[in-house]
Amino acid sequence: MHTLFRTEQGGHEQVVLCQDRPTGLKAVIALHSTALGPALGGTRFYPYASEEEAVADALNLARGMSYKNALAGLDHGGGKAVIIGDPEQIKTEELLLAYGRFVASLGGRYVTACDVGTYVADMDVVARTCEWTTGRSPENGGAGDSSVLTAFGVFQGMRASAQHLWGDPSLRGRTVGIAGVGKVGRHLVEHLLKDGAHVVITDVRAESVAAITDQHPEVAVAADTEALIRTEGLDIYAPCALGGALSDASVAVLTASIVCGAANNQLAHPGVEKDLADRRILYAPDYVVNAGGVIQVADELHGFDFERCRAKAAHIFDTTLQIFARAKTDGIPPAAAADRIAEHRMAEARRG
């Protein structure tokens with residue numbers, strides 16, 4: 001309750017705790033803002049160490065979605081849901097149907113989609129009990145895998161970062177390290193190789209690494225994230241797994257000049273951005289560059305058109321440059337500049 005109502009960390013409109021004993025479902029749905037429209041954000045399925053950790057993650061992720069949707073130009077507020085538990089152990093059709101009923105009970109205030117631990121097939125199941133579900137398969141009226149455009153958007157953010165720092169958006173000859181080559185990271189690898197970049201990857205799942213190197217033997221592999229961020233000659237670091245990748249300790253040893261990745265909530269705490277600035281490392285705010293996926297799922301609500309979504313995601317390049325320019329003008333870090341732009345749009349919507 002203290003976190004929920006404390007203005008600087010909370011300000012959330014609604015938090016719903018969900019439990020369905022027959023299926024073992026325990027979930028948290030957090031709505032940060034509906035100023036711009038119904039809250040839109042994915043469903044994370046993860047084995048949290050405690051219920052408190054799950055609530056904290058839902059609150060942080062929901063807030064991030066408000067800012068992401070605002071900067072992406074969408075008429076949606078921010079929300080997020082987390083299901084507590086190991087999806088490989090407890091995920092069942094009955095549990096997902098029960099979860100869908102809880103989302104439906106909000107009457108359209110929250111629109112859900114995929115996230116870590118949930119997939120298109122899961123959203124097809126959820127949609128059977130909840131009409132406010134996106135990220136479904138094309139066979140079931142959806143747009144399919146949103147990670148395709150998420151990766152495309154991150155790539156545009158990298159190009160904008162390169163333009164800002166080096167005066168050229170091309171990544172040819174640059175070395176990019178990717179931590180996490182799952183749903184988004186594997187597509188990002190393809191964009192980078194096509195653009196002529198050198199790629200170094202790492203992932204906690206050996207099979208994810210093998211899937212990349214079997215197809216692209218030219219891709220280098222780091223033993224773990226600690227080794228990756230210390231790679232000599234690294235130009236760009238792309239965190240594409242879970243949040244908190246940028247900590248005091250990791251920034252202190254990071255060799256890259258740019259951080260631009262798909263993971264949500266990359267800053268372990270707000271002070272980390274100053275650490276990045278002090279080391280003259282350019283940070284592309286995560287919720288700006290990883291908005292391609294939410295652009296896709298939002299479009300699904302109005303009749304999905306991939307090329308229309310790809311064109312919108314391409315604007316992430318311009319938005320990222322706009323943020324860097326605002327940061328320079330105001331003398332503030334890029335994440336603070338992005339926050340100001342998003343907050344202005346939400347405030348205007350409330351006044352309207």
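Draft legend 1. Fine view of the environment of Lys 68. Looking at the secondary structure, you find Lys 68 in helix H2 (residues 51-71). Of the residues examined, Lys 68 reaches a relative accessible area of 6% and is grouped as buried. Put simply, Lys 68 and Asp 286 are 218 residues apart on the chain and 8.7 Å apart in space, counted from C-alpha to C-alpha. Contacts of Lys 68, omitting those with residues within four sequence positions, involve Asn 264, Tyr 287, Asn 290, Ala 291 and Val 294.

Draft legend 2. View of the side chain of Asp 124. Along the chain, Asp 124 falls in helix H5 (residues 120-126). Despite its burial, Asp 124 pairs with no opposite charge; the closest candidate is Arg 136, at 5.7 Å N-O. Within the local environment of Asp 124, its side chain forms a polar contact with the side chain of Asn 140, the two groups lying 3.1 Å apart. If near-sequence neighbours (up to four positions away) are discounted, Asp 124 is found in contact with Arg 136, Ser 137 and Asn 140.

Draft legend 3. Summary view of the packing of helix H6 (residues 147-166) against helix H14 (residues 306-314). With their axes 9 Å apart at the nearest point, H6 and H14 run at an angle of 30 degrees to one another. In this view, H6 runs roughly parallel relative to H14, as classed from their interaxial angle. Considering the relative orientation of H6 and H14, their crossing is right-handed. Counting all contacts with H6, which are made through Val 148, Leu 149, Phe 152, Gly 153 and Gln 156, the residues of H14 involved are Phe 306, Cys 309, Arg 310, Ala 313 and Ala 314.

Draft legend 4. Just the packing of aromatic side chains, in detail. Scanning the model with the defined rule gives 3 aromatic pairs in all. For the ring pair Tyr 46 and Tyr 48, a centre distance of 5.1 Å and an interplane angle of 70 degrees mean the geometry is edge-to-face. Tyr 46 gets classed as partly exposed once you look at its relative accessible area, which sits at 29%. Tyr 48 gets classed as buried once you look at its relative accessible area, which sits at 9%. Here Phe 304 and Phe 306 contribute two aromatic rings whose centre-to-centre distance is 6.4 Å and whose plane-to-plane angle is 70 degrees, an arrangement assigned as edge-to-face. Residue class for Phe 306 comes out partly exposed when judged on its relative accessible area of 33%. The ring of Trp 166 has Arg 174 sitting right over it, with the charged end atom 3.8 Å from the ring centre.

Draft legend 5. Summary view of the nonpolar core. Ranked by size, the top nonpolar core spans 40 residues in total, and within it Met 158, Ile 178, Leu 188, Val 189, Leu 192 and Ile 201 carry the most contacts. Residue assignment for this core shows that the elements contributing at least two residues are H6, strand E7 (175-179), helix H7 (185-194), strand E8 (198-202), helix H8 (206-215), strand E10 (236-239), helix H13 (292-300) and helix H15 (316-330). Top contributing element to this core by residue count: H6, with 5 residues.

Draft legend 6. Representation of the pairing of E10 in the model. Burial along E10 is two-sided: Ile 236 and Ala 238 facing one way and Tyr 237 and Pro 239 facing the other are all buried. As defined by bridge partners, E7 adjoins E10 across 4 bridges and the pair is classed as parallel. Following the sheet pairing, Ile 178 is matched in E10 by Ala 238. In terms of strand pairing, E10 meets strand E11 (residues 258-259) through 2 bridges, oriented parallel. Bridged to Tyr 237 within E11 is Val 259. Regarding the hand of the β-α-β motif, the stretch spanning E10, helix H10 (residues 248-253) and E11 is right-handed.

Draft legend 7. Geometry of the sheet that holds strand E12 (residues 282-283). Pairing in this open sheet of 6 strands is parallel, and the strands run E9-E8-E7-E10-E11-E12 from one edge to the other. Each edge of the open sheet is held by one strand with a lone partner, namely strand E9 (220-221) and E12. This element, H7, spans E7, E8 and E10 of the sheet and lies at about 175 degrees to E7.

Draft legend 8. Broad picture of H7. All buried positions along H7 are accounted for by Gly 185, His 187, Leu 188, Val 189, Leu 192 and Leu 193. Taken together, the buried residues of H7 touch H6, E7, E8, H8 and E10. A positive backbone phi angle near 90 degrees is found at Gly 196, which sits one or two residues after H7.

Draft legend 9. Structural context of the packing of H6 against H15. The interhelical angle for the contact between H6 and H15, taken along N-to-C directions, is 40 degrees, at an axis separation of 8 Å. The orientation of H6 relative to H15 falls into the category oblique. Taken as a pair, H6 and H15 cross one another with a handedness that is right-handed. Across the interface between the two elements, Gly 153, Gln 156, Gly 157, Arg 159, Ala 160, Ser 161, Gln 163 and His 164 from H6 touch Ile 316, Phe 317, Thr 320, Leu 321 and Phe 324 from H15.

Thresholds, definitions, all that
- Residues numbered from 1 in each chain as written.
- Predicted model: local features only at pLDDT ≥ 70, side-chain atom pairs only at ≥ 80, totals over all residues.
- Heavy atoms only, no water.
- Helix = DSSP H or I, 4+ residues; strand = E, 2+ residues; numbered from the N terminus.
- Buried < 20%, exposed > 50% of the residue type's maximum accessible area, 1.4 Å probe, protein only.
- Contact = heavy atoms within 4.5 Å.
- Lys, Arg positive; Asp, Glu negative; His and termini not counted.
- Salt bridge = Lys/Arg side-chain N within 4 Å of Asp/Glu carboxyl O.
- Polar contact = N/O pair within 3.5 Å; in protein donor to acceptor, adjacent residues only side chain to side chain.
- Axes fitted to C-alpha atoms, helices over the stretch in contact; angles between N-to-C directions.
- Parallel < 35°, antiparallel > 145°, perpendicular 65-115°, else oblique.
- Left-handed = near helix turned anticlockwise from the far one by under 90°.
- Phe/Tyr/Trp six-rings, centres within 6.5 Å; stacked < 30°, edge-to-face > 60°.
- Lys NZ or Arg CZ within 6 Å of the ring centre and 35° of its normal.
- Core = buried A, V, L, I, M, F, W, Y, C linked by side-chain atoms within 4.5 Å.
- Pairing = 2+ DSSP bridges.
- Right-handed = clockwise from strand over helix to strand, strands pointing away.

The quantities given are spatial measurements derived from coordinates; they are silent on function.
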